[in-house]
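Summary of the model geometry
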Amino acid sequence: MQGRMLERVCMGLFFTGAVLGANAGEDRYAEYTEESRKISQEFMQQLAGTLKQQLESAGTESAISICKEVAPALARQYSVDGRIVRRVSLKPRNQSMGRPSLEEKAVLDDFDERQRAGSPAAAMEHAAAYQDAQGRWFHYMKAIPTQPLCLQCHGKQQDISASVRALLAKEYPADQAVGYGLGEIRGAISIRTPLK
Ligand code: HEC
């Protein structure tokens, strides 16, 4: 992975505009970072809003189908102009969309390690520029911690009702996304923007 990195812009808690700007005079990385932060915030707010509404109005079972449709639709909606927006996890539910690349896995491992050492997950982000066969990319990731409401679909056995477990098993036979505790890292939003 290191060999493919053009430049490690910065990482996690030490991530500031000043550091980015100081790095090889690449001020424009600050712009890419701001744009990525905005997209990630909007994406997560829209998804959380829809999810909460559905949970309150129709219950957990019907919210599963909303997640199944709305999350991939939002990812498509934000993946324009060559940009690729995804949600990834070390233990994905959606096996076709949620599996991390090698770069994403390394970042997720690092997020997890820091969370276990006591850092708050909500503040964790990552940004790096790298090159692959498709070209040069700016890559941004932001950790997604669990909140109480997440546990009814991602928690431990006792947190998930029997009917929800049955539905999840039917929709996602290879589901790995259970067993989480509060404040643990469920995954991350990952945004790749082509560098111009
Ligand atoms: C009603 C059940 C339900 C609730 C509540 C729920 N999720 Fe999920 N979650 C799902 C489903 C279903 C998927 C798979 C969606 C898909 O097919 O893309 C998913 C997928 C994800 C993914 C994408 C990676 C993967 O595993 O495929 C993340 C990240 C995630 N959820 C985080 C959360 C967080 C954080 C919360 C709480 C704010 C939450 N979820 C609440 C059902 C739920």
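In this text, all values refer to a predicted model and were calculated from it rather than measured experimentally.

1. Here's the deal with the packing of helix H2 (residues 28–58) against helix H3 (residues 60–78)
Relative placement of two packed helices is described by the angle separating their axes and the distance separating the axes. Put simply, H2 and H3 touch, their axes get as near as 9 Å, and they point 160° apart. As summarised for this structure, H2 and H3 are arranged roughly antiparallel, according to the angle between their axes. Handedness of the H2/H3 crossing: right-handed. Residue-level inspection shows Ile-39, Phe-43, Gln-46, Leu-47, Thr-50, Leu-51, Gln-54, Leu-55 and Ala-58 of H2 in contact with H3, the latter providing Thr-60, Ser-62, Ala-63, Ile-66, Cys-67, Val-70, Ala-71, Leu-74 and Tyr-78. Of the residues contributing to the contact of H2 with H3, the split by class is 13 nonpolar, 5 polar and no charged.

2. Here we look at the site of the ligand
Neighbouring the ligand are 27 residues; Ala-63, Gly-98, Cys-150, Cys-153 and Gly-187 lie closest to it. Those elements that place two or more of their residues in the shell around the ligand are H2, H3, helix H5 (151–154) and strand E5 (185–194).

3. Regarding the environment of Gly-187
Position of Gly-187 relative to the elements: it lies in strand E5. The spacing of Gly-187 and Leu-108 is 79 residues in sequence and 7.1 Å in space, taken between C-alpha atoms. Those residues in contact with Gly-187, other than ones at most four positions away along the chain, are Arg-87, Val-88, Ser-89, Gly-98 and Ile-144.

4. Observations regarding the confidence of the model for the chain
Residues at a pLDDT of 70 or more form 87% of the chain, whose mean pLDDT is 88. Of all helices and strands in the chain, the one with the weakest mean pLDDT is helix H1 (residues 17–22) (40), whereas E5 scores best (98). Confidence drops under pLDDT 50 across residues 1–22; counting only partners more than four residues distant or on other chains, this segment forms 41 contacts.

5. A closer look at the nonpolar core
Counting 25 residues, the largest nonpolar core has Phe-111, Ala-129, Phe-138, Ala-143, Ala-188 and Ile-189 as its most contacted members. Broken down by secondary-structure element, the contributors of at least two residues to this core are H2, strand E2 (84–88), helix H4 (102–116), strand E3 (125–132), strand E4 (135–145) and E5.

6. A short note on the packing of H3 against helix H6 (residues 162–171)
Running from amino to carboxyl end, H3 crosses H6 at an angle of 25°, the nearest separation of the two axes being 9 Å. Comparing the axis directions of H3 and H6 gives the class roughly parallel. Here H3 and H6 pass one another in a crossing that is right-handed. Together, Thr-60, Glu-61, Ile-64 and Lys-68 of H3 and Ser-163, Val-164, Leu-167, Leu-168 and Glu-171 of H6 make up the contact between the two elements. Its residues assigned to classes, the contact of H3 with H6 shows 4 nonpolar, 2 polar and 3 charged.

7. Overview of the pairing of E3
A large share of E3 lies buried, amounting to 6 of its 8 residues. Bridge count for E3 against E4 is 8 bridges, and the pairing is antiparallel. Its bridge partner lying in E4, Glu-125 is registered against Lys-142. Linking two consecutive strands that pair antiparallel, namely E3 and E4, is a turn of 2 residues.

About the thresholds
- Residues numbered from 1 in each chain as written.
- Predicted model: local features only at pLDDT ≥ 70, side-chain atom pairs only at ≥ 80, totals over all residues.
- Axes fitted to C-alpha atoms, helices over the stretch in contact; angles between N-to-C directions.
- Helix = DSSP H or I, 4+ residues; strand = E, 2+ residues; numbered from the N terminus.
- Parallel < 35°, antiparallel > 145°, perpendicular 65-115°, else oblique.
- Left-handed = near helix turned anticlockwise from the far one by under 90°.
- Contact = placed C-beta atoms within 7 Å.
- Nonpolar A, V, L, I, M, F, W, Y, C, P; charged D, E, K, R; others polar.
- Near = placed C-beta within 6 Å.
- pLDDT = per-residue confidence, 0-100.
- Core = buried A, V, L, I, M, F, W, Y, C linked by C-beta atoms within 7 Å.
- Buried ≥ 20, exposed ≤ 12 C-beta atoms within 10 Å, placed from the backbone.
- Pairing = 2+ DSSP bridges.

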